[in-house]
Amino acid sequence: MQGEQRCLTRTVLLLSGRCPHILQQQCSFRRAYRRPESRKVEEDLSPSRTQTSEGPAPRRPTTTPHSEHPVPPNSPRAFGRLVRPFVFTVGFTGSTFGLAAIWQYEALKSRVQSYFDEVQADWLEKLRPQKRGDIRKQINQWWLSLSEGQRTVTGIIASNALVFLCWRIPALQRSMIRYFTSNPASKTLCTPMILSSFSHFSFLHMAANMYVLWSFSTSAVSMLGREQFMAVYLSAGVISSFVSYACKIATGRFGPSLGASGAIMAILATVCTKMPEAKLSIIFLPMFTFTASSALKAIVAMDAAGVVLGWRFFDHAAHLGGALFGIWYALAGHELIWKNRENFVKLWHDLRTRGGGR
């Protein structure tokens, strides 16, 4: 527990004016200079002519994607666009936890076999002549030196880095805006809800989010296990996007959003709820410490104020949705979902063994 608290102490929290960049789920975008070529990109972002959006200029691929202009609040018919995202959110969350339960079952089943494989590998390693400067061996040693939580989030970080590089390719800009930014005004609604959680246009945005995820990974995975951790993380990404959709439709303020902050907020909120007395600090101000409970209250209060007051520099609705989901899961969701997975695992076991009781 002390090791986990020391890990959390090094984590950056959103308690000052500039810190929201660190957990920026879906950042607002700078206005790009309007060019005639950008009209093709607008077609993917806007289903009608009443809403405008400007994509990155072809000659400047590093320009940030442009958010759409605010439009007047829509009629109740517009809320019908939330039906498919809602069904997708429920189905994706249920499927994610179901697959996580199967993953845990298979991992436990193969643990004994893996043990014997490791014993055999160690025996062969002793017979094999040692090589100096073996890069593969050094990578394996580094990998084994990581905690289980750090190994779990390595794939997430690599996926975010790959998507970030794709944003730098001008030929992919149109597809990236359509599938890797979530926008309730777009023609594509469901797929971006999860893909946008792995998408960052700014390197600083990605680096800050991944640093927070890396810092909390050890505590979160030791608390939940890697399978449950992944289920919570992926589900939180979709749930935070749905909350963002609902808020944008209710206020009529449409625009593309992206970032992993909604999912990270859920992990942060889960850890802070489970470990409320853990000591945290800001990376650049290590002399000031505070409890995890106080930090979580400050973050939730700031995002709630952003939703009520209509702040638009960040997608506070997505932040708040991820945080509330993390708090709910720590208090009730774990008991309601994860601890009631036995029947589903038994059904999978029966399918695997093809003989019920056998």
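Nothing here was measured: the structure is a model prediction, and the numbers come from that model.

What follows is about the pattern of salt bridges. What the rule picks out here adds up to five salt bridges. Here Glu106 and Arg352 are joined by a salt bridge, their closest N and O atoms 2.8 Å apart. You can see Glu106 sitting in helix α3 (residues 83–109) and its partner Arg352 sitting in helix α14 (residues 342–353), a full 246 residues away along the chain. Note on Glu106: relative accessible area 23%, which makes it partly exposed.

Once that is clear, we can look at the UniProt feature "transmembrane region" (unreviewed entry) in the protein. Annotation from UniProt places "transmembrane region" (unreviewed entry) at residues 86–105, 152–172, 193–216, 228–246, 282–301 and 313–331. The straight-line gap between the two end C-alpha atoms of residues 86–105 is 29 Å; of that span, 100% is helix and 0% is strand. A distance of 31 Å separates the end C-alpha atoms of residues 313–331, which is 84% helix and 0% strand.

Residues that lie three or four places apart on an α-helix share one face, since the helix turns once every 3.6 residues. If you check helix α11 (residues 261–274), its first and last C-alpha atoms are 20 Å apart, about what 14 residues at 1.5 Å a residue would give, namely 20 Å. Counted residue by residue, α11 has 12 buried out of 14 residues, so it is predominantly covered. Regarding α11, the residues found buried are Ser261, Gly262, Ala263, Ile264, Met265, Ala266, Ile267, Leu268, Ala269, Thr270, Val271 and Cys272.

Trp167, Leu213, Phe229 and Tyr233 are the most contacted members of the largest nonpolar core, which totals 66 residues. By residue number, the principal contributor to this core is helix α10 (residues 226–251), which donates 12 residues. Excluding its chain neighbours within four sequence positions, the residues that come into contact with Phe229 are Thr152, Val153, Ile156, Leu213, Ala220, Val221, Leu224 and Ile267.

Looking now at the packing of helix α6 (residues 148–167) against α10. Packing of α6 against α10 brings their axes to within 11 Å, and their N-to-C directions diverge by 40°. It follows from the interaxial angle that α6 and α10 lie oblique. For the pair α6 and α10, the sense of crossing is right-handed. Contact residues: α6 offers Glu148, Thr152, Val153 and Ile156, while α10 offers Arg226, Phe229, Met230 and Tyr233. Class assignment for the residues of the contact of α6 with α10 results in five nonpolar, one polar and two charged.

Cut-offs used in this document
Residues numbered from 1 in each chain as written. Predicted model: local features only at pLDDT ≥ 70, side-chain atom pairs only at ≥ 80, totals over all residues. Heavy atoms only, no water. Salt bridge = Lys/Arg side-chain N within 4 Å of Asp/Glu carboxyl O. Helix = DSSP H or I, 4+ residues; strand = E, 2+ residues; numbered from the N terminus. Buried < 20%, exposed > 50% of the residue type's maximum accessible area, 1.4 Å probe, protein only. UniProt positions renumbered as here; feature names shortened; annotations may be inferred. Expected span 1.5 Å × (residues − 1). Core = buried A, V, L, I, M, F, W, Y, C linked by side-chain atoms within 4.5 Å. Contact = heavy atoms within 4.5 Å. Axes fitted to C-alpha atoms, helices over the stretch in contact; angles between N-to-C directions. Parallel < 35°, antiparallel > 145°, perpendicular 65-115°, else oblique. Left-handed = near helix turned anticlockwise from the far one by under 90°. Nonpolar A, V, L, I, M, F, W, Y, C, P; charged D, E, K, R; others polar.

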